[in-house]
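# A look at the structure
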Amino acid sequence: MAWLDRFPLGLLIAVALWLSVAPIVPEPHLIEKLRMLSEGTLVKPIDIFDLLLHSVPLVLLAVRLWRDARRGRG
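Conventions adopted
- Each residue is numbered by its place in its chain's sequence as written, counting from 1.
- This being a predicted model, a pLDDT of at least 70 is required before a residue's local features are given, and a value of 80 or more before pairs of side-chain atoms are given or counted; all residues contribute to the totals for chains, interfaces and linings.
- Side-chain metrics in this entry use all non-hydrogen atoms of the structure; hydrogen atoms and water are not considered.
- Put simply, DSSP marks the helices as runs of H or I at least four residues long and the strands as runs of E at least two long, and each gets a number from the N terminus on.
- The cut-offs for exposure are 20% and 50% of the maximum accessible area for each residue type, with area from a 1.4 Å probe on protein chains only; residues under the lower value are buried, those over the upper are exposed, and the others partly exposed.
- Residues adjacent in sequence count toward polar contacts only when both atoms are side-chain atoms; beyond that, a polar contact is any pair of N or O atoms within 3.5 Å, and within protein one must be able to donate a hydrogen and the other to accept it.
- In a helix, the anticipated span is given by 1.5 Å times the number of residues less one.
- Note on bend: the value at a residue is the angle between axes fitted to the seven residues ending there and to the seven starting there.
- Any Lys or Arg side-chain nitrogen found within 4 Å of a carboxyl oxygen on Asp or Glu counts as a salt bridge.
- Inter-axis angles, ranging from 0 to 180 degrees, are taken between N-to-C directions of lines fitted to C-alpha atoms, where helices are fitted over the stretch in contact.
- Angle categories: roughly parallel below 35 degrees, roughly antiparallel above 145, roughly perpendicular from 65 to 115, and oblique for all the rest.
- By the definition used in this description, the sense in which the near helix is turned from the far one sets the handedness, with an anticlockwise turn below a right angle giving left-handed and a clockwise turn giving right-handed.
- A contact between two residues is defined here by any heavy atoms of the two lying within 4.5 Å.
- Note that Gly is not counted as nonpolar here; it falls among the polar residues with everything else outside the nonpolar set of Ala, Val, Leu, Ile, Met, Phe, Trp, Tyr, Cys and Pro and the charged set of Asp, Glu, Lys and Arg.
- This arc corresponds to the set of directions leading from the helix axis out to the C-beta atoms.

Turning our eyes to something else, we now look at the side chain of S55. Along the polypeptide, S55 turns up in helix α4 (residues 45-71). When its relative accessible area of 18% is taken as the criterion, S55 is described as buried. Engagement of the side chain of S55 in a polar contact is seen with the backbone oxygen of L51, the distance being 2.7 Å.

Given below as structure tokens:
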């Protein structure tokens, strides 16, 4: 996970925030795909890929912040 520690935190925050709300209109993809997941309608491979595309940066940001906090850098 050293590669994640070397990744600039500001850039990671920007990418995570951007992909979590893009596109804003009519509904952010992440919200739409999470709704589809909760309703059980997330079955198409493109929708599953879209969920991963929009959520992975948030997961990486959470892991990075957790690792920084454990080391006392947060």
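The next subject is α4. Taking 1.5 Å of rise per residue, 27 residues should cover 39 Å, and α4 covers 38 Å from first to last C-alpha, within 8% of that figure. Maximum bend of α4: about 35 degrees, positioned at S55, with proline P57 one to four residues after it. Here α4 has its buried residues at D47, D50, L51, H54, S55, P57, L61, R64 and D68. Immediately beyond the C-terminal end of α4, within one or two residues, lies G72, with a positive phi of roughly 85 degrees.

For the structure shown, the criterion picks out eight salt bridges. Put simply, R71 and D5 hold a salt bridge, and the shortest N to O gap is 2.7 Å. Pair noted here: R71 is in helix α4 and D5 is in helix α1 (residues 2-6), with a separation of 66 residues, a long-range link. A salt bridge links K33 to D50, with the shortest nitrogen-to-oxygen separation between them at 3.9 Å. Taken together, the residues K33 in helix α3 (residues 29-39) and D50 in helix α4 connect sequence positions 17 residues apart. Accessibility assignment for this pair places K33 and D50 in one class, buried.

All right, on to the packing of α3 against α4 then. The N-to-C vectors of α3 and α4 enclose an angle of 120 degrees; their axes lie 9 Å apart at closest approach. If you check the angle between α3 and α4, you find them oblique. Crossing of α3 against α4: the hand is left-handed. Facing H29, L30, K33, L34, M36 and L37 of α3, the residues of α4 in contact are D47, D50, L51, H54, S55 and L58. Taken together, the residues that form the contact of α3 with α4 break down as six nonpolar, three polar and three charged.

For the rest of this paragraph, the subject is α3. Restricting attention to buried positions, one finds in α3 the residues L30, K33 and M36. Projection of α3 onto a plane perpendicular to its axis shows the buried side chains occupying an angular sector of 125 degrees, all on one side. In the core, the buried residues of α3 are packed alongside α2 (9-21) and α4. Immediately downstream of α3, the backbone of G40 shows phi near 80 degrees, a positive value.

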